[in-house]
Amino acid sequence: MSQNLSSMRKVIEWAEKRGELLTIDKEIDPIYDLAGFIASMEGGPVLLFNKIKGYPGCRAISNLVATRRRLADVVGATSIEYTGKAFLDLVENPIPPRW
């Protein structure tokens, strides 16, 4: 699956279209609660936290590559077996930053 997932916004939209995005709008404490919540959802959907206690305006995302299939799709691999090659291609040909 070759997609242009060149920004986090596009990745979030991609996960939502696939039905693999769980958005958490309740405020979560990054010190006491965040890691435990993520661990309890291991291998599950992409998690988007919209309210991080003590960090107004910041969001956090997790579980983006929690499954082999999702990792292959994110790096643009044609199949799970080619994930390593696709990842290496991304490392060797980075997207230049936009300022």
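Just so you know, these numbers come straight off a predicted model, no measurement behind them.

Draft legend 1. Looking closely at the environment of Leu90. Positionally, Leu90 belongs in helix α4 (residues 83-92). Residues Leu90 and Gly76 lie 14 residues apart in sequence; the distance between their C-alpha atoms is 9.0 Å.

Draft legend 2. Expanded view of the sheet that holds strand β3 (residues 60-62). Across the sheet, which stays open at both edges, the three strands sit in the order β1-β2-β3 with mixed pairing between neighbours. At either end of the open sheet lies a strand with only one pairing partner, and these are β1 (21-24) and β3. Direction aside, neighbouring strands of the sheet carry axes that sit 15° apart on average. Across three bridges, the pairing between strand β2 (residues 46-49) and β3 is antiparallel.

Each value, and the rule that gives it
- Residues numbered from 1 in each chain as written.
- Predicted model: local features only at pLDDT ≥ 70, side-chain atom pairs only at ≥ 80, totals over all residues.
- Heavy atoms only, no water.
- Helix = DSSP H or I, 4+ residues; strand = E, 2+ residues; numbered from the N terminus.
- Pairing = 2+ DSSP bridges.
- Axes fitted to C-alpha atoms, helices over the stretch in contact; angles between N-to-C directions.

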